[in-house]
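Descriptive structure summary
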Amino acid sequence: MVRMVLVVAAACCAYGQTLSVNPQVKEIVSKVSADRIAEIQQKLASFGTRNIYSSTTDPNRGIGAAREWIAAQFRSYSPRLQVSFDKHRLKGDPSQRLFKDVEIWNVVAMLPGTSEPERQVIISGHYDTIHMVSKEGANGRRMLDAEATVAADAPGVTDDGSGTAAVMELARVMSQYEFRKTILFVAFASEEYGLEGSSTYAEAAAARHDQIEAVFNNDVIGSDVTGNGETSNRYVNVYSEDPNDSPSRQVARYMKEMNFRYQPGFEVNLVFRHDRFGRGGDHSPFNAFGFAAVRVTTPMENFSNQHTATDTFANTAPEYTALVAKANAAAIGTLALAPKAPQLGATAPQPGRTFAGGLSRGSGYDAVMSWHSDHPEPDLLGYAVVMRKTTSPLWEHEVFVGNVNTYTLPRVNIDEVVLGVKAIDKDGNESLVSAFVTPPYRQRKVEQY
Ligand SMILES: [Zn+2]
């Protein structure tokens, strides 16, 4: 186990002018290996198919051998990784893609946090695959041939061997370090059959009241050439649900910011919608159960290699996947070291009319913000206030305000800007931003007016 001595990067009063780089996160980012990712992808392809209905007993082919290998790899990385199968029995319906009963196993590797293990950060991908084979239906239309689909080769190297490889590679590298919070490395099953692995997981997590700060779901991060020849390995798309200051969107902004600090030659391109048109992914069930979750996907998709036998190692780009994995490492590494985000609003009643849980106009024309933190971390340095125009996608201004629970920006019109606050510890690790926002109009109570 390597224990890093952290350098205090944030001098008290100059913080607002400083972008902190944490040496532990920097080292982690540098250790992510494209060669290791390539090895994992080739091994995943060697199982022939990872369809959820494929063999669970064959030692070499099918989803059973694949999940046992993934779990064994997790165990080999570090004794501190707690590896388990999260099993769910699904009911089938002959008229649906999920055509008969099946048991699915998510593979989970947990790196327990040191001082706040109850707070979780999740990185995920899905290890199941599908090669959709169609047949002619009774009405002459093409329809899925369920049995042929199960039998066909489905190498799934990009969809989603790439995301699974990134999850495993980060588990290998990050399990050599310690973090304040718990990090969960998850390979979901049954993404290709109705997002069932992530749905059952997210539902159980909500019932357990898991404190999940963010889910970074990586799905199709392996290709850098489209089917019409366009190519780029310069950026990755990160999708986040509306509204514009949803917790998921703060996670997306956080990922862009942290990636820039450690990997400025590669861009996290934010897409302000929950997913691509007409398609789904494992982040969405987390959103549905109220968790902050984003989807990470290459903009250079090759559609003819998706859900086919040509989703092979020859058609993927491990160097690109490594860049995307590093962007994850920058965000997840920082977030798992950081204090929790502030809770908006004062603990005691404040004078004047308060909007958006702790934001008021003060005596009339100022921006007065209040927040608090239950059980503040002993190494908390203080808070930074952030601000942007309502039409700006990213935070534009930041002021470090010290270890206080209220702050006034004089002559700032709260109606014209979005304001937020984040917590920063003595090593310069930053929490997610808590934004002062009003709920959508339709959800407001009439008595507010
Ligand atoms: Zn996928």
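Just so it is clear, the model here is predicted, and its values are computed rather than measured.

**A word on the domain arrangement of the protein**
Here the protein is described as being made up of domain 1 (32-337) and domain 2 (343-448). One C-alpha centre belongs to domain 1, the other to domain 2, and the line joining them spans 34 Å. The interface of domain 1 with domain 2 comprises ten residues on the first partner and eleven residues on the second. When residues of the side of domain 1 that touches domain 2 are traced back to their parent elements, those giving at least two are helix H7 (247-262) and helix H9 (318-337). For the side of domain 1 that touches domain 2, the element with the most residues is H7, which contributes four residues. Its residues assigned to classes, the side of domain 1 that touches domain 2 shows five nonpolar, two polar and three charged.

**Some remarks on the sheet that holds strand E3 (residues 116-126)**
Pairing is mixed in the open sheet, where eight strands are placed in the order E1-E2-E6-E3-E7-E10-E8-E9. With partners counted over all chains shown, the strands left at the sheet margins are strand E1 (82-90) and strand E9 (267-271), one partner each. Each strand axis lies, on average, 25 degrees off the axis of its neighbour in the sheet, ignoring direction. Running at roughly 10 degrees to strand E2 (residues 102-111), helix H3 (residues 63-77) makes contact with E1, E2 and strand E6 (181-188) of the sheet.

**Describing the sheet that holds strand E18 (residues 417-425)**
Pairing is antiparallel across the open sheet formed by four strands, whose spatial order is E16-E15-E18-E19. Two strands bound the open sheet, and with one partner strand each, they are strand E16 (397-402) and strand E19 (434-436). Sheet twist, expressed as the average angle between the axes of neighbouring strands with direction ignored, equals 25 degrees. With three bridges joining them, E18 and E19 adopt antiparallel strand pairing. Along E19, the bridge assignment pairs Leu-419 with Phe-436.

**Brief notes about the packing of helix H1 (residues 23-31) against H9**
In contact at an axis separation of 9 Å, H1 and H9 are set at 155 degrees when each is read in the N-to-C sense. Relative to H9, the element H1 lies roughly antiparallel. Where H1 crosses over H9, the handedness of that crossing is right-handed. Contacts between H1 and H9 involve Gln-24, Val-25, Ile-28 and Val-29 on the former and, on the latter, Lys-326, Ala-329, Ala-330, Gly-333 and Thr-334.

**Remarks on the environment of Glu-191**
For Glu-191, the location among the structural elements is in the loop between E6 and helix H6 (196-207). Under the C-beta neighbour-count criterion, Glu-191 is labelled buried, with 27 such atoms within 10 Å. As for Glu-191 and Gly-125, which are separated by 66 residues in sequence, their C-alpha atoms are 9.1 Å apart. Leave out the neighbours within four places in its chain, and Glu-191 touches His-126, Asp-128, Asp-160, Gly-197, Ser-198 and Asp-282.

**Concerning the nonpolar core**
Ranked by size, the top nonpolar core spans 116 residues in total, and within it Leu-170, Ala-171 and Met-255 carry the most contacts. Per-element tally for this core: the top contributor is H9, with 13 residues. Three or more residues apiece are contributed to this core by two domains, here domain 1 (32-337) and domain 2 (343-448). Ignoring sequence-local partners within four residues, the contact set of Met-255 consists of Val-238, Val-268, Val-294, Ala-327 and Ala-331.

**Topic: the packing of H3 against helix H5 (residues 161-174)**
Geometrically, a packed helix pair is captured by the angle between its two axes and the distance between the axes. Two numbers describe how H3 lies on H5: the axes approach to 8 Å, and their chain directions differ by 20 degrees. Viewed along their axes, H3 and H5 adopt a mutual orientation that is roughly parallel. Read as a crossing pair, H3 and H5 show a hand that is right-handed. Residue-level inspection shows Ile-70, Gln-73, Phe-74 and Tyr-77 of H3 in contact with H5, the latter providing Met-168, Ala-171 and Arg-172. For the contact of H3 with H5, a count of residues per class yields five nonpolar, one polar and one charged.

**Notes on the environment of Tyr-254**
As for its placement among the helices and strands, Tyr-254 is situated in helix H7. In the structure, Tyr-254 is positioned 179 residues away from Val-433 in sequence and 8.1 Å away in space, judged by C-alpha atoms.

**Describing H1**
Of all the residues in H1, the buried ones are Gln-24, Val-25, Ile-28 and Val-29. For H1, the angular spread of buried residues about the axis comes to 135 degrees, placing them on one side.

**Examining unusual backbone geometry**
Cis peptide bonds are those with omega within 30 degrees of zero, and the linkage from Asp-159 to Asp-160 qualifies with 0 degrees. Assignment of secondary structure puts Asp-160 in the loop between helix H4 (146-151) and H5. With an omega dihedral of 0 degrees, the bond running from Asp-242 to Pro-243 counts as a cis peptide bond. Along the chain, Pro-243 falls in the loop between strand E8 (235-239) and H7. One non-glycine residue, Ser-190, lies in the positive phi region at around 60 degrees. Inspection of the secondary structure puts Ser-190 in the loop between E6 and H6. Residue classification places Ser-190 among the buried residues on the basis of 27 C-beta atoms within 10 Å.

**A few points about helix H2 (residues 34-46)**
For H2, with 13 residues, the first-to-last C-alpha span of 18 Å sits near the 18 Å given by 1.5 Å per residue. Taken from the residues just after H2, Gly-48 is the one with a positive phi, measuring 80 degrees.

Cut-off values and rules
Throughout this description, residue numbers start from 1 for each chain and increase along the sequence as written. Per-residue local features are limited, in this predicted model, to residues with pLDDT of at least 70; the limit for side-chain atom pairs, both in listing and counting, is 80 or more; totals at the level of whole chains, interfaces and linings are taken over all residues. The domain boundaries here were taken from an automatic or database domain assignment. Note that contacts rest on C-beta atoms placed from the backbone: two residues are in contact if these are within 7 Å. Working definition: helices are DSSP H or I runs of at least four residues, strands are E runs of at least two. Numbering for both runs from the N terminus. Following the grouping adopted for this structure description, the nonpolar residues are Ala, Val, Leu, Ile, Met, Phe, Trp, Tyr, Cys and Pro, the charged ones are Asp, Glu, Lys and Arg, and the polar ones are all others, Gly among them. Here, a strand pair is defined by DSSP locating no fewer than two bridges between the strands. To obtain each axis, a line is fitted to C-alpha atoms, and for helices this fit is confined to the stretch in contact; angles are then taken between N-to-C directions over 0 to 180 degrees. Should an angle lie under 35 degrees it is considered roughly parallel, over 145 roughly antiparallel, and from 65 to 115 roughly perpendicular; all remaining angles are considered oblique. Helix crossings get a hand from a simple test, with the near helix turned counterclockwise from the far one by less than a right angle marking a left-handed crossing and a clockwise turn marking a right-handed one. As a rule, residues whose C-beta atom has 12 or fewer other C-beta atoms within 10 Å are exposed, those with 20 or more are buried, and those in between are partly exposed; C-beta atoms are placed from the backbone. Residues enter a nonpolar core if they are buried, belong to Ala, Val, Leu, Ile, Met, Phe, Trp, Tyr or Cys, and are joined to the set through C-beta atoms within 7 Å. By definition, the arc is the one covered by directions from the helix axis to the C-beta atoms. Helix span, expected: 1.5 Å multiplied by one less than the number of residues in the helix.

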